[in-house]
Amino acid sequence: MNILKKDIVIFGAGLAGLYTALNIDENRKITIIAKEKLGLSNSNLAQGGIAGELSDSEKILTAHINDTLVAGVGLFSQEAIKELVYQAKENLEFLIELGVPFDVDKEGNILLTKEAGHSTRRILHAGGDATGQKVMETLIKVCQNKPNIEIIEEAMLFDLITKDGVCFGGKIIDHENQVTTILANHTILATGGIGAVYKDSTNAHGASGDGIAAAYRAGVEIQNMEFVQFHPTVFYDVKNEIKGQKFLISEAVRGEGAYLRNIEKERFMDKYDQRLELAPRDIVSRAITHEMYDTWSEYVYIDARHLGKEFLEKRFPTIYGKCLENGLHMESDLIPVAPVEHYGIGGIKIDINGKTNVKNLYANGECCNSGVHGANRLASNSLLECLVFGKRIAKFINTNNEQLEFPEIHEEEPKLNHFSYHDVREQVRNVMNDYVFIVRTSDGLAIAKKIIDKHYNSLLKHKFTTMDYYRALNTTTVAKLITEAALNRKESIGCHYRID
């Protein structure tokens with residue numbers, strides 16, 4: 001039986017996890033658990049940038065708050081949004097201090113871009129459209145050089161250890177199906193997104209909602225799971241050659257002036273919103289879905305031809321290169337796109353300091369619901385959320401030196417099998433794409449719930465201690481939570497749109 005005793009354990013090694021660790025006092029020992037190799041997270045894939053004002057002007061900060069409120073539609077926490085916006089500057093300056101190479105002009109001024117829902121340019125970017133990669137490369141290097149930070153790679157959280165409303169750590173499983181119990185005074189969930197719940201997603205392969213599922217099993221409060229954001233402009237593979245994770249065409253492309261055109265090559269956003277291509281994501285995704293339905297097509301186009309080759313290559317090197325790999329030149333070709341699952345807005349409910357309803361358990365990033373995104377996330381606010389709440393969690397832990405009296409652990413003998421749960425995951429993903437997508441109906445949601453419940457109950461009835469089993473269980477659990485929440489919310493709001 002392998003039991004480790006730690007001060008602080010962080011499950012997740014994306015921006016939410018690493019940044020939180022770097023804000024915790026260096027006299028505290030931290031263990032970070034990475035499900036994949038370092039760098040293989042959703043944070044690494046972020047193209048557009050980080051929204052945030054490097055200003056103390058009340059007028060400028062109020063504009064960011066208002067844009068977030070408008071995009072969020074409702075169900076947001078105004079207190080959380082205010083903290084998000086007002087604490088942006090200190091956190092962005094800390095990233096710069098750590099060495100993140102944000103793009104600058106010839107005079108050294110930070111370059112800013114604009115994305116959908118933003119009334120002004122306030123988004124910092126790096127490497128043109130490789131912001132996540134540049135940020136993560138920097139933070140990984142800094143963390144690896146910190147003597148108080150230990151990183152364990154390729155191990156997956158599958159259960160939390162709780163007793164009498166207190167969290168004492170969690171259990172992890174590796175690719176050899178070896179189980180390790182990690183007891184800790186403070187436990188932070190930063191396990192990322194839910195993309196593996198859908199057939200197609202922009203998410204990293206491992207985004208199966210592990211933290212949300214483990215928290216749910218432990219009785220932690222989960223909130224607003226029905227709000228799943230679909231990125232409106234994800235590259236559509238006409239040749240059907242790209243398998244798995246899809247690559248998105250950043251909102252910043254439209255922020256720099258690109259248009260949307262339907263299959264008949266007509267601009268159409270003026271029919272749906274006066275903000276045209278820069279309307280919030282939920283509106284643009286529904287508009288594209290409507291156009292696809294009306295024109296009997298599976299995609300629309302992004303038209304960036306008028307922006308010119310020189311600008312496109314320099315500003316969007318990643319996207320330009322990906323298009324080239326598929327035989328398309330952004331300066332002369334229309335780029336096929338369609339909406340795909342991108343971001344889970346709901347998740348583990350936290351307060352303003354990242355605390356859950358279970359003592360000594362915190363959550364940060366996409367696995368949590370902090371209230372800043374409301375019913376629809378404003379573009380590029382998610383990376384800022386990781387920073388602001390990571391720092392707040394760290395600040396709270398830095399003032400709390402409580403040493404828990406760990407409960408006695410009675411480990412059961414692992415129950416192994418050689419089953420493949422691939423078909424279960426595939427069926428769940430297909431159901432989510434068919435019935436719990438951008439436009440939803442009560443009949444469709446009921447069909448989805450019936451199929452998902454069947455798999456969920458079967459998995460619980462026949463439990464095994466393997467990584468593949470927990471991938472399937474977590475995927476099915478999150479699908480169940482999304483579908484049930486979507487059934488319970490009768491009205492359309494934000495990302496949750498019902499036509500009945």
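The structure displayed is predicted, hence computed values, not measured ones. (Residues numbered from 1 in each chain as written. Predicted model: local features only at pLDDT ≥ 70, side-chain atom pairs only at ≥ 80, totals over all residues. Heavy atoms only, no water.)

A look at the packing of aromatic side chains
- Within this structure, the stated rule accounts for 13 aromatic pairs.
- Centroid distance Tyr299 to Tyr301: 5.6 Å. Interplanar angle 75 degrees. Geometry classified as edge-to-face. Of the two residues, Tyr299 and Tyr301, both sit in the buried class.
- One aromatic cluster in this structure is built from Phe158, Tyr421, Tyr469 and Tyr470.
- Here the guanidinium or amino end of Lys82 rests over the ring plane of Tyr86, the centre of that ring lying 5.5 Å away.
- When the ring centre of Tyr259 is taken as origin, the NZ or CZ atom of Arg267, which lies over that ring, is 3.8 Å away. (Phe/Tyr/Trp six-rings, centres within 6.5 Å; stacked < 30°, edge-to-face > 60°. Buried < 20%, exposed > 50% of the residue type's maximum accessible area, 1.4 Å probe, protein only. Lys NZ or Arg CZ within 6 Å of the ring centre and 35° of its normal.)

Structural notes on the nonpolar core
- Of all hydrophobic cores here, the largest spans 97 residues; its most connected members are Leu189 and Ile482.
- Here this core gets nine residues from one element, more than from any other, and that element is helix α12 (residues 381-398).
- Every residue in contact with Leu189, bar those within four places of it in the chain, is listed here: Phe11, Leu157, Leu160, Gly211, Ala215, Ile348, Leu361, Tyr362, Ala363, Asn364 and Cys367.
- By size, the runner-up hydrophobic cluster in this structure holds 32 residues, among which are Phe247, Ile249, Leu260 and Ile335. (Core = buried A, V, L, I, M, F, W, Y, C linked by side-chain atoms within 4.5 Å. Helix = DSSP H or I, 4+ residues; strand = E, 2+ residues; numbered from the N terminus. Contact = heavy atoms within 4.5 Å.)

Let's talk about the sheet that holds strand β11 (residues 228-235)
- The strand order across the open sheet built from four strands is β11-β14-β13-β12, with neighbouring strands paired in antiparallel fashion. Two strands close off the open sheet at either side, each with one partner strand: β11 and β12 (259-261). The mean angle between the axes of side-by-side strands here comes to 45 degrees, regardless of whether they run parallel or antiparallel.
- Relative to strand β13 (residues 300-303), β12 runs antiparallel, the two being bridged by three bridges. Pairing of Arg261 across the sheet is with Tyr301, part of β13. (Pairing = 2+ DSSP bridges. Axes fitted to C-alpha atoms, helices over the stretch in contact; angles between N-to-C directions.)

Remarks on the pattern of salt bridges
- This structure, assessed with the given rule, holds 32 salt bridges.
- Across the pair Glu150 and Lys6 runs a salt bridge, and its minimum N-O distance is 2.9 Å. Taken as a pair, Glu150 in strand β6 (residues 149-152) and Lys6 in strand β1 (residues 2-11) lie far apart in primary sequence, 144 residues in all.
- A relative accessible area of 22% places Lys6 in the partly exposed class.
- Among the ionic pairs, Asp453 bridges to Lys449, the shortest N-O distance being 2.7 Å. In this pair, Asp453 and Lys449 both sit in helix α14 (residues 442-461), four residues apart, roughly one turn of the helix.
- According to the relative accessible area criterion, Asp453 is buried, its value standing at 19%. (Salt bridge = Lys/Arg side-chain N within 4 Å of Asp/Glu carboxyl O.)

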